[in-house]
Amino acid sequence: MSERLLPESFHDLEPFAAAWSLATEKERNRKRLASTMTEVQEFYNAILPRMEAVIAYLNQFPLDAMPADAQRLLYLTFSLAEVSTAVELFKQPSVVDGYDAARFVPIHK
Amino acid sequence: MAAVATSHINAVSNKKIWHAQYPELGTGPVPIEPYISQEYFALEQERIFRKVWLNVGREEEIPKPGDYLVKDLPACGTSILIVRGKDGRVRAFHNVCSHRSNKLVWNQGGSCQMFACKFHGWTYGLEGQLTFVPDEESFFDLKKGELGLTAVAADVWEGFIFINLDPQPQESLREYLGEIGETLKGYPFATYSATCYAWTTELRANWKILKDAFQEAYHVAFLHKRSIPDSFTSKSNPFAHGVDYKLYPRHRKMAVYGNMEHRPTPVEKMAFQFGSLIIRNDYSSTLPPGVNPTRDPSWALDLNVIFPNFFVDVSDGTYFTYNMWPLAVDRTLWEVRTYYPKAKDAGQRFSQEYSKVIFRDVIMEDCSTLEQTQSVLASGAKTHFVLQDQELLIRHDQKVHEEFVGFYKNKNKRGKKGVTANV
């Protein structure tokens, strides 16, 4: 049996946790660009309707002292932010006619 | 809440009102030569970058004594070490050892008690003084007191650290910033700077191609039609006309129109719900009077272009900065930073994350154009850019450049035949 990554009340998002719960913008952006639109859309469709509940749950914890499973859930919301432009604006993983993402280097996490 | 009154009356005008306010700038095409000329580039380094105040960071980056950061300026042939002393003061030095001119600090920043040169171990204190020389007895008449690091003028404005490579700066930082500095007085830089997201990239484009792209909004309806289709344009203002423009002797400002009827995407809506974003419908007038000076309710942000290479673009709840560092006539190191107040909870943090992703992706659209432009700029197909009323800031920038560089003035003196500067 694999270890549970997310808080229990969000077990429906568990299938996405291993792939999309990533700690840095670089990793999240790389994951987005390496995914097919079907994969991206599947993740987007799963988490978007759960967002109000997710944020309400996460808001009970101080940002700098989250339990590990809540922290992973927070990273999952960051991945929603990351893929949102692909789904809602570009209709493809990368920015249309965009610059090479690998050359635009985040200094932050 | 600001009353919805004479909303964006300037922005819906197509009467070319902005150039009319600055007739000395003319309205003709402007030359491309400054973007491709090696000679012009060399003059810029000598007469601009070695003469004026340059932003190199923020105080939050070096909060404690011993904290330092390094700013390499390859086009000026130097590297600058910026360090907070034991007395809390921020100082800057050429990052060059007094012995045989090795680069003293090789990393980009950190915290320390002293700086030791990797080459022969010469050691300097936080105030730049030479404190230790290995095998000192073997030197001849070594005057350690005179062999400290070479100081560079440094000063701080609103938390932004500036340096000046001129050994005798012609004016103080405050004098240099002048009126545009005053307009930003009271903007909550300290609060908003709690969180910084930063990116860096090396672009194959002249540094002024970058500057130009970010001091006009005409391109938004076209280049950004997918990413921000209705944030800065609307039916009444389809070409993102600015709500206000103001030119200073060297610097300049544009108040950018924001469409308050903007229809957010589903995730953007979430981000609205949990935190603040640039385009918001509850625009408050708590910002200082110099920001959105006409108090236009259809306002998104102010561009503040500080000569030569620093943008401080302020909004309600967030601001962002650009620093363009020329590396060669066709290469630029670009630093992009967005700043937010400290997120109080996960919801606000998510909102910031969305905000920075959309910001970054919009910039990815810009970056492509910058390199594509540069790739054909030297073709000779065109000798001039054609500018419209809303590209006033670009025209003004060229004029200020020429005032510092004197390229065309000298050219005309030498009686050379060539393009005539309309600057």
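Please refer to the structure higher up on the page.
Residues numbered from 1 in each chain as written. Chains lettered and ligands numbered in written order. Predicted model: local features only at pLDDT ≥ 70, side-chain atom pairs only at ≥ 80, totals over all residues.

**Q** I would appreciate a short explanation of the overall build of chain A in the present structure.
**A** Each helix and strand counted, chain A has five helices and one strand in total. Shown N-terminal to C-terminal, the secondary structure of chain A runs as helices and strands in the order α-α-α-α-α-β. Taking the principal axes of the C-alpha coordinates as reference, chain A spans close to 40 × 30 × 30 Å. Considering only residue pairs separated by 6 or more positions, chain A has 71% of its internal contacts joining residues 24 or more positions apart. (Helix = DSSP H or I, 4+ residues; strand = E, 2+ residues; numbered from the N terminus. Contact = placed C-beta atoms within 7 Å.)

**Q** Can you help me understand helix α4 (residues 51-58) of chain A in this one?
**A** Residue and element names in this part refer to chain A. Residues of α4 that are buried include every one of M51, V54, I55 and L58, and no others. When α4 is viewed along its axis, its buried side chains cluster within an angular range of 90 degrees and face the same direction. Of the exposed residues in α4, those oriented more than 90 degrees away from the buried face are A53 and A56. (Buried ≥ 20, exposed ≤ 12 C-beta atoms within 10 Å, placed from the backbone. Arc of directions from axis to C-beta.)

**Q** Just to check I follow, could you spell out the nonpolar core for this structure?
**A** Note on soluble globular proteins: their nonpolar side chains tend to be buried together. Residues and elements named next belong to chain B. Residues L81, I82, F162, I163, L210 and V256 are the most contacted members of the largest nonpolar core, which totals 127 residues. When residues of this core are assigned to their parent elements, the largest contribution, ten residues, is made by helix α9 (residues 346-377). Counting only domains with at least three residues in this core, you end up with domain 1 (17-38 + 180-412) and domain 2 (53-169). When near neighbours in sequence (up to four residues on either side) are disregarded, F162 contacts W53, L54, N55, V56, A154, D155, W157 and L173. If you look at the next biggest cluster of nonpolar residues, it comprises six residues, including V329, V405, F407 and Y408. (Core = buried A, V, L, I, M, F, W, Y, C linked by C-beta atoms within 7 Å. Domains from an automatic or database assignment.)

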